[in-house]
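Given next are the chains, with one letter for each unit.
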Amino acid sequence: MGVEAHATNERVTGRRWTVRLDPVGRGRSDVRVSCSRPACAAQVLPSAAAGRTAAIGHLKAHLRAGPAPRPSAQCACRAEECHTHIRPAGPRERPMPWRCGGAVVLAVITDREGRWWQVMECCSRCAAAHPTAKVVATAPAAEAAARSDGFRADAAAPTTPGGTAPPGGTVLPGGPAATTPTFSAAGPHFSHSATATAAGTAVPQQASVPRSDHRSDPRSAPRSARPPRRRPPRGRIAQRLVPHDLRPVALRDELTELGELFRAYQARTEPDLAMLADLHARKAEAFHAWAEATADTGLRLDARRAEQAAATARLQHLHRIGQAPDGEGPAVARLLTAPAQWNHARSVLAHVAETAPLPGAEARLLVVMVTLRTAQSGVGNLVGQDIKGLPLSDPEQLVGQLVESGWLGISGTVEELIASRPENPTQITVPSLTPDEDDPGPFTFGRKLRPKLSGWAQRVVGEKKLRKGKTEAGVRLLALALATGSDGEGRLGPGGEGIGVDTLSSWCAVDPGDLPALVDRLTAADWLAEAEATDTHLTGKLTERVLPLGCPLT
């Protein structure tokens, strides 16, 4: 008893640390990545995707640089009264005060939303009790076995015939002393399934005990000579383990295969919405069958969610390829194809309406185009044709006013900017759009989407009939507003109820009384049909000719 108490006092508490992903503030897209280790400073990333990538990379760096799990460590979760520690001892099991069962492992536990990752040094039974745990390294198996019965053998340490006890070793009956396995230089790594031993861990062969009465009876053969009984690998799908005894077997195999296909899809570099829709449809059918076999209400709910996900993915795929769902008319091949792109276009226009440095429709139009050129990094290129192609009465003076206000910075003079050509563009900067450590900027879209948004605005503003009709800046701004304020059929406002006159006049930087004249110009240019302007709302619909330029309200 004294030996066991002494051994327990010598044990150390298992390591534990957490990497978290938290929002920086309400209404902001940037996130903060923090680590509970004292030496790790917090990081601020521009988006949740970038923060999740940085958090996982930080965690992997700790796992590669840190030591392997220690065989003598106590469970890190014991301090929180883990339910696997407080259980009655079995008739043949003598409970230890420092572990539940199995070898000491290094496990990574995460939440389903991907907001935190926790590394914990614990026994394998505690790791198995967590549904999201991934075992990344395992202590040597021989060392774990020696912990349960080696204290008494080390106290006596007799030398048996044919074997000697080296320092720190345990003498096995009838054979030489067992040696302690060692870890390779490679650090722990992530895996989809928890294995009995981590990569780089050597497991010694057990010494067989000779018996005198096992001559030809296979039942009396040594235990080590019999092939070990192994359960088939358990499948995992949607954070659920597929039971070994699930029947029919074809359903069990289908669920296992679907889990593997979903993980393979997540590892793809490019999305395939048609494939994703088929996977969700198969998952819905399999989960319905699983729910019927087990009478589990949660599985029925998951099946319905899978059906909805399949329908959404299939609709998005049809929108991308320009086709219509079954039973509907021909789809519009839009310049901006996805709802996320439409929302980003609206966010740019809303930002310009709030932060435009100069009054007037011409200044507002120039600020829109320059913002789209520099939205990602605050830096971009302009040539003279980009400015002279806009309906501006005095472009040189207007650019000079933007420079004097501090909103725009140019490399050179205004005259050089107006005279620049495509082979020698002028670099421009917008300080309010330049991201830094404290402010990632007002926009969250990536580098690939910025030129698409800029090209879309250029197509709207420079549309053929608007350009030939020599429409002024207010008309072009109204065209942008209506393109982003109509539904999928081109009707203005949500559900075709129209757009507020005050909202349109504020965006176009004109008086409400001047708005009917702008509407007439758009109607003459075959942009609007059935237009009717009242004191409060403008109703109507975009013509079929300009529907591809629209960003439907969702």
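Notes on the structure in this doc start here. Fair warning: this is a prediction, and the values are worked out from it, not measured in the lab. (Residues numbered from 1 in each chain as written. Predicted model: local features only at pLDDT ≥ 70, side-chain atom pairs only at ≥ 80, totals over all residues. Heavy atoms only, no water.)

## A look at the pattern of salt bridges
Taken as a whole, this structure holds 20 salt bridges when the rule is applied. Close ionic contact of Glu257 with Arg282 constitutes a salt bridge, the shortest N to O distance being 3.9 Å. One end of the pair, Glu257, is in helix H5 (residues 249–266); the other, Arg282, is in helix H6 (residues 273–294), and 25 residues separate them in sequence. The residue Glu423 makes a salt bridge to Arg421 at a minimum N-O spacing of 3.1 Å. The exposure class of Glu423 is exposed, given its relative accessible area of 61%. The exposure class assigned to Arg421 is exposed, which follows from its relative accessible area of 52%. Within this structure, Arg240, Asp296, Asp302 and Arg305 form a network of salt bridges that share partners. (Salt bridge = Lys/Arg side-chain N within 4 Å of Asp/Glu carboxyl O. Helix = DSSP H or I, 4+ residues; strand = E, 2+ residues; numbered from the N terminus. Buried < 20%, exposed > 50% of the residue type's maximum accessible area, 1.4 Å probe, protein only.)

## Quick word on helix H16 (residues 501–508)
Along H16, the positions that sit buried rather than exposed are Val501, Leu504, Ser505, Trp507 and Cys508. Buried residues along H16 cover an arc of 165° about the axis, so they all sit on one side. Away from the buried face of H16 by more than 90 degrees, exposed residues Asp502 and Thr503 are located. Tucked inside the fold, the buried residues of H16 contact helix H8 (339–355), helix H9 (361–374), helix H15 (473–483), strand S14 (499–500), helix H17 (515–524) and strand S16 (537–542). In the segment just after H16, Ala509 is the residue with positive phi, at about 60°. (Arc of directions from axis to C-beta. Contact = heavy atoms within 4.5 Å.)

## Observations concerning the packing of aromatic side chains
Evaluated as defined, the whole model comprises 2 aromatic pairs. Arranged with centres 5.5 Å apart and planes meeting at 75°, the rings of Phe287 and Trp290 form a pair that is edge-to-face. Of this pair, Phe287 and Trp290 both sit in helix H6, 3 residues apart, which is roughly one turn of the helix. The exposure class of Phe287 is buried, given its relative accessible area of 0%. Judged by relative accessible area, Trp290 falls into the buried class, the value being 5%. Pairing Phe443 with Phe445 gives two aromatic rings, centres 5.5 Å apart and planes at 25°, and the pair type is stacked. For Lys283, the ring lying beneath its charged end belongs to Phe262, and the centroid distance is 5.8 Å. (Phe/Tyr/Trp six-rings, centres within 6.5 Å; stacked < 30°, edge-to-face > 60°. Lys NZ or Arg CZ within 6 Å of the ring centre and 35° of its normal.)

## Structural notes on the sheet that holds strand S8 (residues 134–138)
If you walk across this open sheet you meet the 6 strands as S4-S3-S2-S7-S6-S8, and the pairing is antiparallel. The open sheet terminates on both sides in strands that have one partner only, identified here as strand S4 (43–45) and S8. Between one strand axis and the next, the sheet turns through 20° on average, direction left out of account. Sheet strands in contact with helix H2 (residues 48–65) are strand S2 (16–23), strand S3 (31–35), S4, strand S6 (104–110), strand S7 (116–123) and S8, and its direction is about 170° off that of S2. (Pairing = 2+ DSSP bridges. Axes fitted to C-alpha atoms, helices over the stretch in contact; angles between N-to-C directions.)

None of this, on its own, says anything about what the molecule does.
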